[in-house]
Structures are given as structure tokens and as C-alpha cells.
Amino acid sequence: MDVHSLSRRRTARLAARITAVAAVGAIAAALGGCATSDDSGAGGDKTLSVWLPGNNQTEIDLVTNTIVPAFEDETGATVDVTYVDWGDISTKLNAAFAAGTAPDIFGHGPAATADFVANGRILDLDDRVASLSQEDRDDLAAALPGGQVDGAQYLMPLSLQGYLVMYDADAFRAAGLDPDDPPSTWEDLKAAAEKLTQRDASGTITRSGFLTPSQAIARQQSFATFLFGQDGSLVNDEGTEATFDSDEGAAALDFFTSLYTGDDAVSANLGEDYLNAPAAQQPLVQGTAAMTVQAPSMMQQIVDASPGRDLRVMPALSFEGGEPAAFGGAGPGLMINADAPDADLAWSFIQFMLSPDISTEYTQGTGTIPVRASAADSDYAKNSAIITMFLQESSHLHANPNVVGWVQVRDALDKQLERGLNGVADSTSVLKDAADEADKILAANG
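Here the structure is a predicted model, which means the values were calculated and not measured. (Residues numbered from 1 in each chain as written. Predicted model: local features only at pLDDT ≥ 70, side-chain atom pairs only at ≥ 80, totals over all residues. Heavy atoms only, no water.)

## Brief notes about the environment of Gly 262
Note the threshold: Helix and strand definitions follow DSSP, with helices as H or I runs of at least four residues and strands as E runs of at least two, each counted in order from the N terminus.
Structurally, Gly 262 is set in the loop between helix H11 (247-260) and helix H12 (283-286). Taking the C-alpha atoms as reference points, Gly 262 and Tyr 274, 12 residues apart in sequence, are found 22 Å from one another.

This is the structure we're talking about:
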């Protein structure tokens, strides 16, 4: 899909959209029954404290200068928003809960949800979600599971996140490949990557045929993509045992390792963090890779940094005989403090954030994937082949599990994957050692 010639209209003014949104009562009707300002507020005191993670100034300005004032105007509520750096959000929340000063609503990633549930810090939102219309539940179907723990809804995602493969169509043509018929399986991608890989006289790779993240933490996400593509899983349904120490896991890790090692290696610079490099230094921009795994926001930055280049996005890939899979799913979302004095008003704010127009404008402002499937009809999606592709592939995005202790399990697996990728141990030993450690962590948190 050609993404170069399509703009995203990032300069569209949110205020113009918000004026088209009806009063909160109308939003409530569209969402299946949000409490209006007459229904919320204990003793008429309608005040909300909200903590959100991050330091993206565009998002901060969008939320604090436009979205929150619109909610306040329509409800008569006062919303106090504080943005906290991602690296500090967990520590500061834990301290605030201990002191009894935690915010009414707070944002975090799905991986943290289970720990908040285990400590009784957030509300079960099942009944509130059930009050939504069937149409709205269907519209949010790709996002809702990412906010669930043991089948119950605790976090309401504000966006979807995911990774797909972006490729250089001109490089395809030069290598005798058809850019209009890109690989649909990982096996075919590896074969195409071998043709796209360039080496110097000494055999050193100067252009990777394909790059997938291999640095700390991100390599676990790459492994998960290949594991899901092998119909494997990370933990059992009960969240009590690791399941990646399997034939599927070994096949996934062997494939991952083969990208970087051996005579038919197609990837250079193992462990290098290209994902977080500025757009101008991205491998696709510099011509040091022909295909790379990317998130949608960086894909657009790459397009903007590469005028005249024919850059495209592949659908999610499968292994032969399997189902397409890619790492992704629910992005950060909102939770309600179990001790919030006005849970109805807090829910009203969340529903406002998830209403069709506001939700789409929020994701447009942050360069992320909309949580609503109906956003495919929005200008944001229609004018971005990148977002259109991610929405199209949203059902193939799979996330890490929401289980207590997952972050520790992830880190343990990640360290063992590093050993495997560097040839210190074979895949069977790597995954066994990681699973043994993971099971101890899960048992301790069970």
C-alpha cells in the first residue's frame, strides 16, 4: 500500500470537531448511558483528579488545552490533569495510594493492570461496559480485551498499538521482487530478505534485507510475534505457568536467531535500537535496510523524512499454515481508583475520551491507532494508508498477557532471549531456563 502520497492532515483543529459534539447527554446516549452532570457529583462537588503518563508535548497540549476544557464546559466539572513521565508513573502512583492521595482516574499500560487489580486499587468496570450499546461494544472489540484481567474489564484503552513491516518498494524492484505482491508468510519474507540483503567485499552486511527489534525488552516483543505466528502462547489461561517453552517457542526463537546468524543472515547490528532513532536516522531512510518492523507513528515520520520514496506497509504475516499475527493490541488506557468519591463522574470522563469524535482526534494527535473500528471511515484513516492498514489488521494484533508479575516474567524471558540470539545457548535451553524462572515468579504472585 503506497503511503507516501497520502497526508494525514495532522494540522486539523480539534476545537472545530469538539463544537460538533453534542452535550454530554447525547454522548451518553451514543455510548449507551453515560451519567450526565445532573447524575454525578456528591453534594454538587464535581471535581476529578487525573494522572496521565508521558511527556509528549503534543498530547499534553491536546488534552489539557482542548479536550479537558470541552468536558468541563459540558459537565460543569473541574478536571485537574497531571502528566507524569513513564519512568516515574508506577512509583508515584504507589506512593500516592499509600498516602491516600491517589488520583480519581489514572493512565497506565495494560501490563500494569493485573498488579493494580491484585492490590484492590481499581474498579471493576464490567457493569459499566455492559451498559454500552452492542454497537459500541462491537466498535471497541479490538481494544477491550487488552484492558481485562481474568475476563473482567478494569482498563479502558485510549488507543491501539502495534508493529507491522514497512518496506522499500524501489528496493524490491531492483532485487527483482514485485512490490505489489509482498510476502505474506515469514518464510517468504526471509527468502525476499536474502535477495534484498547487500554485503561488502568482506561479506559484512551493508544493507539488511529485514530488521526486527532485537534490543532489550523489544526483542521479547519480536519473539512474541513469531511465537504467536506459530500458534504458541506465553502463559496458560490461568496465568500460572509459562507456555513458551514449547516446540512452537523453539521454532519461533530459531527463526528469530536465523535472521542475524549464519550464511543466510539478513539482519545486521544485533541489539541496536533503531526503533527509537530519529526519523532521519531510521534504516529505511538511510538505505541501510529494505524492510523494517515499525509502529505507525514512526512510519509516518519515515514517510515525511523520505520525500519521493515509495514506502509501503505489509499486512500481518503468518508462518506456513498458520494465522497472521503481529505484536500489538491495546495501548495505554484509563483506570478508576477504587476509592474515587464520584465513580460516575470518572466514568463520564472516560466515556467522553472514548466518544467517536474525541477518540479519533486524540489518536490523530498522538499518531496512534484508533480504538474504534468505525474510525476507518474518518478523515484520519482515509488520508493515511498507514492507519488504514493498522485498522485493517487490528484483529491480528496480539499483546502480552495481563497477569500479576508479568513485567518480571517479561524481563526474565528477555534476558534469556539475549543469550539465545548471541549464540550463548540453544533455543531449548534458553526457553527452559526462562520458563523455570517465570514459573517461580508466577507462583510467588499467584
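Having put the structure on the table, let's press on.
## Quick word on the confidence of the model for the protein
For clarity, the cut-off: Across the chain, each position has a pLDDT score giving the predictor's confidence in that residue, from 0 to 100. A contact between two residues is defined here by any heavy atoms of the two lying within 4.5 Å.
Taken over all residues, the pLDDT of the protein has a mean of 90, while the share at 70 or more is 90%. Here residues 1-43 is a poorly scored stretch, pLDDT under 50, and it has 100 contacts once near neighbours within four places are set aside; other chains count.

## Focus on the pattern of salt bridges
Two side chains bearing opposite charge may form a pair once their charged atoms approach each other closely. Counted only if it meets this: Within this document, salt bridges are pairs made up of a side-chain nitrogen of Lys or Arg and a carboxyl oxygen of Asp or Glu, the two lying within 4 Å of each other. Exposed residues in this analysis have more than 50% of their type's maximum accessible area, buried residues have under 20%, and partly exposed residues fall in between, with area computed by a 1.4 Å probe over protein chains only.
Enumeration over the complete set of coordinates arrives at 14 salt bridges. Among the ionic pairs, Arg 372 bridges to Asp 136, the shortest N-O distance being 2.8 Å. Taken together, the residues span a long stretch of sequence, with Arg 372 in the loop between helix H15 (356-366) and helix H16 (379-382) and Asp 136 in helix H7 (residues 134-139) at a distance of 236 residues. Each member of the pair, Arg 372 as well as Asp 136, is classed as buried. Among the ionic pairs, Asp 414 bridges to Arg 219, the shortest N-O distance being 3.2 Å. With Asp 414 in helix H18 (residues 406-421) and Arg 219 in helix H10 (residues 218-229), the pair connects residues that are 195 residues apart, well separated along the chain.

## Describing the pairing of strand S8 (residues 164-168)
Condition: The rule for pairing is simple: two strands pair if DSSP sees at least two bridges between them.
Counting buried residues in S8 gives five out of five residues, a clear majority hidden from the surface. Where S8 and strand S12 (residues 311-313) come together, three bridges link them in antiparallel fashion. Within S12, the position partnered with Met 166 by the bridge is Val 313.

## Overview of the sheet that holds S8
Worth spelling out the cut-off: Angles shown run from 0 to 180 degrees and are taken between the N-to-C directions of axes, each axis being a line fitted to C-alpha atoms and, for helices, limited to the stretch in contact.
Pairing is antiparallel in the open sheet, where three strands are placed in the order S11-S8-S12. At either end of the open sheet lies a strand with only one pairing partner, and these are strand S11 (291-294) and S12. Averaged over neighbouring strand pairs, the angle between their axes works out to 30° when direction is ignored. In this fold helix H13 (residues 296-304) packs onto S8, S11 and S12, with an angle of close to 10° to the strand it touches most, S8.

## Digging into the side chain of Asp 104
Stated formally: Under this rule, positive means Lys or Arg and negative means Asp or Glu; His and the chain ends count for nothing. Residues adjacent in sequence count toward polar contacts only when both atoms are side-chain atoms; beyond that, a polar contact is any pair of N or O atoms within 3.5 Å, and within protein one must be able to donate a hydrogen and the other to accept it.
Relative to the helices and strands, Asp 104 is located in the loop between helix H4 (86-99) and strand S3 (105-108). Arg 128 provides the closest opposite charge to the buried, salt-bridge-free Asp 104, at an N-O distance of 12 Å. A distance of 2.9 Å separates the side chain of Asp 104 from the backbone nitrogen of Ser 49, its partner in a polar contact. Apart from the residues within four sequence positions on either side, Asp 104 is in contact with Thr 47, Leu 48, Ser 49, Met 335, Ile 336, Asn 337, Ala 340 and Pro 341.

## Some details on the sheet that holds strand S6 (residues 156-157)
Taken together, the five strands give an open sheet; going across it, the order is S2-S1-S3-S14-S6, and neighbouring strands pair in mixed fashion. Unpaired on one side and paired on the other, strand S2 (78-84) and S6 mark the two borders of the sheet. Seen against the sheet, helix H14 (residues 343-354) touches strand S1 (47-53), S2, S3, S6 and strand S14 (333-336) and runs at an angle of roughly 170° to S14.

## Let's talk about the packing of aromatic side chains
Quick note on the threshold: Here a pair means two rings of Phe, Tyr or Trp (six-membered ring of Trp) with centres within 6.5 Å. Their orientation is stacked below 30 degrees between planes, edge-to-face above 60, and tilted elsewhere.
Taken as a whole and judged by the stated rule, the model has 15 aromatic pairs. Aromatic ring contacts, followed pair by pair, group Trp 186, Phe 210, Phe 226, Phe 255, Phe 256, Tyr 260 and Phe 319 into a single cluster.

## What to know about the packing of H11 against H18
For clarity, the cut-off: Oblique is the label for every angle not falling under 35 degrees (roughly parallel), over 145 degrees (roughly antiparallel), or within 65 to 115 degrees (roughly perpendicular). By convention, the crossing between two helices is left-handed when the near helix turns anticlockwise from the far helix through less than a right angle, and right-handed when the turn is clockwise. Under the convention adopted here, Pro, Cys and the residues Ala, Val, Leu, Ile, Met, Phe, Trp and Tyr are nonpolar, Asp, Glu, Lys and Arg are charged, and Gly plus all remaining residues are polar.
In contact at an axis separation of 9 Å, H11 and H18 are set at 55° when each is read in the N-to-C sense. By the criterion of interaxial angle, the relationship of H11 to H18 is oblique. Like other packed secondary-structure pairs, H11 and H18 cross with a definite hand, here right-handed. The residues of H18 that touch H11, namely those facing Leu 253, Phe 256 and Thr 257, are Leu 417, Gly 420 and Leu 421. Split into classes, the residues belonging to the contact of H11 with H18 amount to four nonpolar, two polar and no charged.

## Looking at a negative patch on the surface
The line we're drawing: Patch construction takes residues with relative accessible area above 30% that form no salt bridge. Like charges are linked within 9 Å, and nonpolar side chains (Val, Leu, Ile, Met, Phe, Trp, Tyr) are linked within 5 Å. What sets the accessible areas is the Shrake-Rupley method with a 1.4 Å probe; for residues, cover comes only from the shown protein chains. Where a charge lies is defined by one atom per residue type, namely NZ (Lys), CZ (Arg), CG (Asp) and CD (Glu).
Residues Asp 231, Asp 247, Glu 248 and Glu 323 make up a contiguous surface patch of negative charge. Here Asp 231 lies in the loop between H10 and H11. According to the relative accessible area criterion, Asp 231 is exposed, its value standing at 54%.

## Focus: the packing of H10 against H18
Two quantities define a packed helix pair, namely the angle between the axes and the distance from one axis to the other. The contact between H10 and H18 brings their axes to 8 Å, and the two run at 85°. As the angle between them shows, H10 and H18 are arranged roughly perpendicular. Residues Arg 219, Gln 220 and Phe 223 of H10 touch H18, and the partners they reach there are Trp 406, Arg 410, Leu 413, Asp 414, Leu 417, Glu 418 and Leu 421. Each residue belonging to the contact of H10 with H18 can be placed in one class, and the counts come to five nonpolar, one polar and four charged.

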